[in-house]
Amino acid sequence: MNYEKVQLLVNNSRELDKAGGIFTGNSFRKCSALLLTLKGRNADSKKINQAIEVIKHNTSMLSNFRGNNLLTTATTISLEEDMKGSFKELMSIYDKLKGVFFTNQYLILAAIVIFNARDRVDVDDAVKNTRKVYDYMKKKHRFLTGQEDISAAAMIATTSINIELTLCEIEKCYEALIKKGFGMGNNTQSLSHILPLFSGSVEEKVQRISKVNMELKNNGVPLRYYSLPILGVVAGIADDPNAFAKEVKEVNEKIKSEKGFGTFTLGSTIRNMIATGLVASYYVDRLNEEEKQTLIDTTNNVALTIQIAIEIATVAATTGAAAAASSSGN
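This one's a predicted model, so the numbers in the text were calculated from it and none came from an experiment. (Residues numbered from 1 in each chain as written. Predicted model: local features only at pLDDT ≥ 70, side-chain atom pairs only at ≥ 80, totals over all residues. Heavy atoms only, no water.)

> Just checking my understanding: could you explain the side chain of Ser192 for this structure?
Counting through the fold element by element, Ser192 comes out in helix α10 (residues 186-194). Taking relative accessible area as the criterion, Ser192 reaches 1% and is therefore assigned buried. For Ser192, the residues in contact, after removing those within four places along its chain, are Ile170, Cys173, Tyr174 and Leu177. (Helix = DSSP H or I, 4+ residues; strand = E, 2+ residues; numbered from the N terminus. Buried < 20%, exposed > 50% of the residue type's maximum accessible area, 1.4 Å probe, protein only. Contact = heavy atoms within 4.5 Å.)

Here it is, written out as C-alpha cells:
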C-alpha cells in the first residue's frame, strides 16, 4: 500500500494537537485528522485556532457549538476562505434545523453535513428532508432512534436521489443484517444507512458485509460498536476481503506507534476505523473508471460518492464516540 495517506494522517494529527486547547478529546482530534486526510487536505492549527475564536466570539458559553462540537466545527470552517461568513452560514443552517427539531448538540453535526453539501443540494429542502427521514426512522424504530441519529438523517437527506426508495431499502437492509447475525441495535441501524449508496441487491450487499466483517475479525482489526458503518463502505469496494483486511492490519500497526494512536490514548475501536477508512480511500484512488462504475451505480463522480460514504461513516462514528463518552461521564 502507498503510505502517503498514512503520513498525511500522522501530520494532520500532530498539527491538530496544537489546536483546540487541552480539554479537546483525543478521539475528536483523530477523527478530524481522518476527515481532513480523506479530503486530501493539510491541517492548519493556526487557522483552526482562529476559527475557534470566530465561534467563541459569535456564540454564548452554553452554545451547542462549544464543547464536543467546537473542534469539529472549527476544522470545517478553517477550510473556507471566509471563515466568519462561513460560520454565519453554518449558524443559519443550524437555526433552520432548530425550527423543526428540539435544540440539542447533535444538530450541529447535522448542520455541518448540510453545510458541506450546500453546493449540491438546496439547504431548505435538505432541512425539510432531514426531518422527514428522522420521522421515518422514529416510526420504524421508536426505541432505537434518538437525537444522535439526526446527523445520519441529514446525511441521507443530502445524498439520496429518491428519499422514499432509499428509506425502503434501508429498512430491508436492516432486516437482512439482523438475519445475517448482526444485533438489533443502533449500530446495525447506522450500518444500514450506508448501504443504499452502493449498487447491488440487498442480499448481495449484506453477504459482502458478512465476508468483510469476518476477515477483519480474523486479522484482529474488527469494526465494532459505532464504527460498524464503515463496513458498508468496505463491502462496496473490496473485491478481496482478506487482502483488504491484511492491509488494514498493516496500517493499524503503523499508526499504533504514533503519538495519540495507542491503546491507552485512543483505543482499538477508533484506530481500527481510522485504519480501515485510510485503506478504503486508497482503494478508491487506485480503481479505474470502469471498475468504479461496476462497483457503484451513480451518474455523478464515483470517487466522490465513495468519499462521501467514508465521511458519513466517520461522522457517524464520531457521533457514537461522543455519545459513549457522555454516557461514561454520567
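On we go.
> I'm lost on the nonpolar core in this one. Help?
One recurring pattern in soluble globular proteins: nonpolar side chains tend to sit buried together. By size, the foremost hydrophobic cluster in this structure holds 93 residues, and its most contacted members are Leu97, Leu231 and Ile274. Top element by residues in this core is helix α14 (residues 268-286). It accounts for 10 residues. What Ile274 contacts, discounting residues up to four positions off in sequence, is Leu9, Lys30, Leu34, Ile255, Phe261 and Leu266. (Core = buried A, V, L, I, M, F, W, Y, C linked by side-chain atoms within 4.5 Å.)

> Please clarify how helix α5 (residues 83-98) should be interpreted in this entry.
Here α5 spans 22 Å end to end across 16 residues, near enough to the 22 Å set by a 1.5 Å rise per residue. For α5, the full list of buried residues reads Met83, Ser86, Phe87, Leu90, Met91, Ile93, Tyr94 and Leu97. End-on view of α5: buried residues confined to an arc of 160°, all on one side of the axis. For α5, the exposed residues lying more than 90 degrees away from the buried face are Lys84 and Lys88. Taken together, the buried residues of α5 touch α3 (45-58), α4 (70-78), α6 (106-116) and α7 (123-140). Where α5 begins, the side chain of Asp82 points an oxygen toward the backbone nitrogen of Lys84, at a separation of 3.5 Å. (Expected span 1.5 Å × (residues − 1). Arc of directions from axis to C-beta. Polar contact = N/O pair within 3.5 Å; in protein donor to acceptor, adjacent residues only side chain to side chain.)

> Mind showing me how you'd approach the packing of helix α11 (residues 202-218) against helix α13 (residues 241-256) here?
To describe two helices that pack against each other, one gives the angle between their axes and the distance between the axes. At a minimum axis separation of 9 Å, α11 and α13 run at an interaxial angle of 40°. Taken together, the axes of α11 and α13 lie oblique to each other. Two packed elements cross with a definite hand, and for α11 against α13 that hand is right-handed. For the pair formed by α11 and α13, the contact residues are Lys211, Val212, Glu215 and Leu216 on the first element and Pro241, Asn242, Ala245 and Val248 on the second. By residue class, the composition of the contact of α11 with α13 is 5 nonpolar, 1 polar and 2 charged. (Axes fitted to C-alpha atoms, helices over the stretch in contact; angles between N-to-C directions. Parallel < 35°, antiparallel > 145°, perpendicular 65-115°, else oblique. Left-handed = near helix turned anticlockwise from the far one by under 90°. Nonpolar A, V, L, I, M, F, W, Y, C, P; charged D, E, K, R; others polar.)

> It is not clear to me how empty space enclosed by the protein should be interpreted in this structure. Could you clarify?
Space left empty within the atom packing is revealed by a probe, the size of a water molecule, rolled over the atoms. Evaluated as defined, the whole model comprises 3 cavities of 30 Å³ or more. Here the second largest cavity defines a volume of roughly 50 Å³. What lines the second largest cavity is Tyr136, Met137, Lys140, His141, Leu167, Ile170, Glu171, Gln189 and His193. Looking at the lining of the second largest cavity, the elements that each hand over two or more residues are α7, α9 (163-179) and α10. Among the residues forming the lining of the second largest cavity, the class breakdown is 4 nonpolar, 3 polar and 2 charged. (1 Å grid on protein atoms, 1.4 Å probe; cavity = no way out; pocket = protein on both sides within 12 Å on 5 of 7 lines; lining within 4 Å. Points joined across faces, edges and corners; volume = space filled by probe spheres on them.)

> How should I be thinking about the packing of helix α1 (residues 4-16) against helix α2 (residues 26-38) in this particular structure?
Running from N to C, α1 and α2 point in directions that differ by 135°, and their axes come no closer than 8 Å. When the axes of α1 and α2 are compared, the pair comes out oblique. Regarding α1 and α2, the two cross each other, and that crossing is right-handed. Contact residues: Lys5, Leu8, Leu9, Asn12, Ser13 and Leu16 in α1; Arg29, Lys30, Ser32, Ala33, Leu34, Leu36 and Thr37 in α2. For the contact of α1 with α2, the residue count by class is 6 nonpolar, 4 polar and 3 charged.

> Is there a simple way to think about the pattern of salt bridges in this case?
Side chains that carry opposite charge are capable of pairing whenever their charged atoms lie near each other. Going through the model one piece at a time under the given rule, you end up with 11 salt bridges. Between Asp125 and Lys128 there is a salt bridge, with the nearest N and O atoms lying 4.0 Å from each other. Here Asp125 pairs with Lys128, and both are found in helix α7, just 3 residues apart, close to one helical turn. For Asp135, the salt bridge goes to Arg131, with nearest N and O atoms at 2.7 Å. (Salt bridge = Lys/Arg side-chain N within 4 Å of Asp/Glu carboxyl O.)

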